[in-house]
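Each chain, letter by letter, is given below.
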Amino acid sequence: MTEGARAGDDVNVAQAGEPEAASRREPGDVLVRVRGLRKHFPIRSGMTRRRAGTVKAVDGLDFDIREGETLGLVGESGCGKSTTGRMVMRLLEPSEGTIEFGGRDLTRLSRGQLRPLRRDFQMIFQDPQSSLNPRHTVGTIVGLPFRLQKVTPEGGVKKAVQELLELVGLSPEHYNRYPHEFSGGQRQRIGIARALALRPKLVVADEPVSALDVSIQAQVVNLLDDLQSEFGLTYLIIAHDLSVVRHTSDRVAVMYLGKIVEIADREDLYSSPKHPYTVALMSAVPVPDPARRESRDRILLKGDVPSPMDPPPACRFHTRCWKAQDICKTQEPPLAELTTRHQVACHFPENMPTEDGAGEAVLLAKPAPADAVAAGEGAEAVAETSAEAPAETSADGAAEPVAESSTDSPAETPAAASPKAPDEAPGKDTPPTPAP
Amino acid sequence: MTAPIETTGVAREAHPEAIADAAGARIEGRSLGQIAWARFRRDRVAMAGGVVIIFMVLVAIFAPLITDVIGGGPTEYHDDLLDPVLNIPTGSFGGASWDHPLGLEPVNGRDIFSRICYGARISMLVAFLATLLSVVLGVVLGTVAGYFGGWVDGLISRAMDVFLAFPLLLFAIAIGSSLQGEAFGLHGDTLRITVLIFVIGFFSWPYIARIVRGQTLSLREREFVEAARSLGATDRHIIFKELLPNLVGPILVYSTLLIPTNILFEAALSYLGVGVQEPTASWGGMLSAATPRYQDAPMFMVVPGVTIFITVLAFNLLGDGLRDALDPRSR
């Protein structure tokens, strides 16, 4: 958390006075803009390689990642989140859509044109066993970015690599060691050092901690946090573990069957999830307190995730949704901004603000004490953006049955973000109070 | 809950191993190759195989020097040591003596030991060069097929099927007999050896290529390949720097196992008269010459047979040992 890292985007002077808000960086300009992103994998069969079907792994994504923020991408396995990450890295060619990085559309560039740009976006891989070449020393692995991008760091590659190793909490003496001599957590640190070698702007982390022991996960997540504030990194973190995403992300996008069903600021999403799928997902988070565990509503979805080869028409979640009605089978709900900075693709969203300004019953979400730090800041961010983004909110008109109930008057905006405030009182589920 | 505990700032202190290591002086890692070598050295059977092979190679290289001391030249006729009536060597064990430790040929009276030494040159030369040729072809085509996939893979894989289905022995005999005399500016034994090497090499590459293709297919899905690609690595870099170092193990093992096959194949071709011709010595040729006389001169047949057997066995033991050392999971 160095001051220097923040200096570049200290646009919001108003916030500087508040120490807690200052500890988290304010998002800057849009760094990554994804529009209409699709990836369809053809299924071929038989001798003639006839096209027998298509897996719609990713089917139309729109999202932005702002400079300095962390976007978490969650969803069940097979929902297309890893595919999305790989397309942003252009390890997979998108079937359709654009990915703008710093204003340039990556999807139109050839491999050769893309090569020099690659130093600005790097990836941290899921499996530290397979992400490091077993035949290379740590020095070779972490030095590879310099060699491939033909960058000569000051003082030579070896010195730069040793500094990187120190940065991620490894000993520079490990330079000549081989990956198999390290534990999983250490290997993941090596992978992080490699990703940071060229000081990228964006880091895509695909399940960065899911292969690690739980006791190591916290270390690695905190390391990612520290590095973000030190270098002003922007993260796209892909994970299925809601706790990890909650801990790391500023904004969270929930995916289901190749589509984003909900995207919102972290606190907003965890305190008042609006899409039924998100609500169900949240209810599945294990609660470590046995007393509370009894009282919570565990929503069990019926059936399996439908095949992405033949996704259900209109709303893809209607086959498993307890609120589904006829309109859900015929008309696809657009991803619309129902409350400020909270986009949901649902005809019948949950936890919508009612007349008196409070949210419906807030489910389960019990933030850890430290999360309260971000709460105040989250509300501020909301207030600030609501003023500048009337164009975005106009999209609401498209969601007919919902549009009436989701009024975007400034008076209600803080209320949408407020329900965490009561939770600061530990252990008790006090009903949410209206905002002053 | 799997939630990471909120310990911002603690991360840096949480590496006892880093601290411990920093205290130690120089840290030199052991590569997988070094570990495999340590494992291999403990495998006595494989080591014995290796010793036998080194011995055979030395015999082949220094055949003229050895036969100067024992046995004499491979084309020296010792008629005086043959029984004038039966044309078989006098004395027991095919006329074995201090001068001729493995006895003499019937009819010609040439020294068997020196012919075995010279035969080793042909066998080793043909087997090693043919294996080298097939390894080069197999590795190149196998990696290309596995890495690029698609129609390239289809083409190469079908070619492999064709080569494996080819009636190799018949083809070799046909080519061997049609290339008598002079061809490609070569003649005599040089031509025949070259033909043997190319025929054997061209037809055994699919064995290597299949292994390499399979390994490449699984390796290219590993995340370190994606990591290299995300850094902007070229296909060249990925194949040579990322994939090939990981393929060395299987390539080494299967080459070692291909050599004895090729030794046997060379012997079979020589036995059938396609290989080198008299008076040049070869193991297969000796076996072939001994077959009609196995009743009155058994040593003439036993010696080349046992030599081939020991050599092939040694290579197989070495290959198995290498496989165990390089890939402990397959044990």
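Computed from a predicted structure; not experimentally measured.

Assigned secondary structure in chain B consists of 12 helices and two strands. Ordering the α and β elements of chain B from the N terminus gives α-α-α-α-α-α-α-β-β-α-α-α-α-α. The buried share of chain B, reckoned over its 331 residues, is 45%. For chain B, long-range pairs separated by at least 24 residues make up 74% of all intrachain contacts whose partners lie at least 6 apart in sequence. Carbon and sulfur atoms make up 67% of the accessible area of chain B, which totals about 16,300 Å².

Residue and element names in this part refer to chain A. Along the chain, Val279 falls in helix α12 (residues 276-283). Using a relative accessible area of 0% as the deciding quantity, one classes Val279 as buried. Sequence-wise, Val279 and Lys329 are 50 residues apart; in three dimensions their C-alpha atoms are separated by 20 Å.

Scanning the entire structure with this criterion turns up zero disulfides over all chains. The thiol sulfur of Cys79(A) is not disulfide-bonded, and the nearest other cysteine sulfur, from Cys315(A), lies at 15 Å.

Turning our attention to the UniProt feature "transmembrane region" (unreviewed entry) in chain B. All names here are of chain B. Mapped onto this structure's residue numbering, the UniProt feature "transmembrane region" (unreviewed entry) falls at residues 45-66, 122-148, 160-179, 191-212, 251-277 and 297-319. In residues 45-66, the share of helix is 95% and the share of strand is 0%. The end C-alpha atoms are 27 Å apart. For residues 251-277, helix accounts for 78% and strand for 0%, while the C-alpha atoms at its two ends are 33 Å apart.

Once that is clear, we can look at the packing of helix α10 (residues 235-271) of chain B against helix α12 (residues 298-326) of chain B. Residues and elements named next belong to chain B. Two elements in contact, α10 and α12, have axes separated by 8 Å at closest approach and are oriented at 170 degrees. The angle between α10 and α12 falls in the class roughly antiparallel. In this structure, α10 meets α12 at a crossing whose hand is left-handed. Contacts from Gly249, Leu252, Val253, Tyr254, Thr256, Leu257, Ile259, Pro260, Ile263, Leu264 and Ala267 in α10 reach Ile308, Thr311, Val312, Phe315, Asn316, Leu318, Gly319, Asp320, Leu322, Arg323 and Leu326 in α12. Taken together, the residues that form the contact of α10 with α12 break down as 15 nonpolar, five polar and two charged.

A separate point is the pairing of strand β6 (residues 121-124) of chain A. All names here are of chain A. Along β6, one buried face is formed by Phe121 and Met123 and the opposite face, lined by Gln122 and Ile124, is buried too. Where β6 meets strand β7 (residues 202-206), four bridges bridge the pair, whose relative direction is parallel. When the bridges of β7 are listed, Ile124 appears paired with Ala205.

A word on helix α5 (residues 112-148) of chain B. Because each turn of an α-helix spans 3.6 residues, side chains separated by three or four positions in sequence point in the same direction. Given a rise of 1.5 Å per residue, 37 residues ought to cover 54 Å, and the 52 Å separating the end C-alpha atoms of α5(B) matches this to within 8%. Where α5(B) ends, the next residue or the one after it, Gly149(B), has phi of about 65 degrees, a positive value.

Residues and elements named next belong to chain B. α12 packs onto helix α2 (residues 32-41) with a crossing angle of 130 degrees between their chain directions and a minimal axis gap of 8 Å. One finds that α2 runs oblique with respect to α12. For the element pair α2 and α12, the recorded crossing hand is right-handed. Where α2 approaches α12, its residues Ala36, Arg39 and Phe40 are matched on the opposing element by Leu318, Gly321, Leu322, Asp324, Ala325 and Leu326. Taken together, the residues of the contact of α2 with α12 break down into six nonpolar, one polar and two charged.

Thresholds, definitions, all that
- Residues numbered from 1 in each chain as written.
- Chains lettered and ligands numbered in written order.
- Predicted model: local features only at pLDDT ≥ 70, side-chain atom pairs only at ≥ 80, totals over all residues.
- Heavy atoms only, no water.
- Helix = DSSP H or I, 4+ residues; strand = E, 2+ residues; numbered from the N terminus.
- Buried < 20%, exposed > 50% of the residue type's maximum accessible area, 1.4 Å probe, protein only.
- Contact = heavy atoms within 4.5 Å.
- Areas by Shrake-Rupley, 256 points an atom, 1.4 Å probe, with all protein chains shown as cover.
- Disulfide = S-S within 2.5 Å.
- UniProt positions renumbered as here; feature names shortened; annotations may be inferred.
- Axes fitted to C-alpha atoms, helices over the stretch in contact; angles between N-to-C directions.
- Parallel < 35°, antiparallel > 145°, perpendicular 65-115°, else oblique.
- Left-handed = near helix turned anticlockwise from the far one by under 90°.
- Nonpolar A, V, L, I, M, F, W, Y, C, P; charged D, E, K, R; others polar.
- Pairing = 2+ DSSP bridges.
- Expected span 1.5 Å × (residues − 1).

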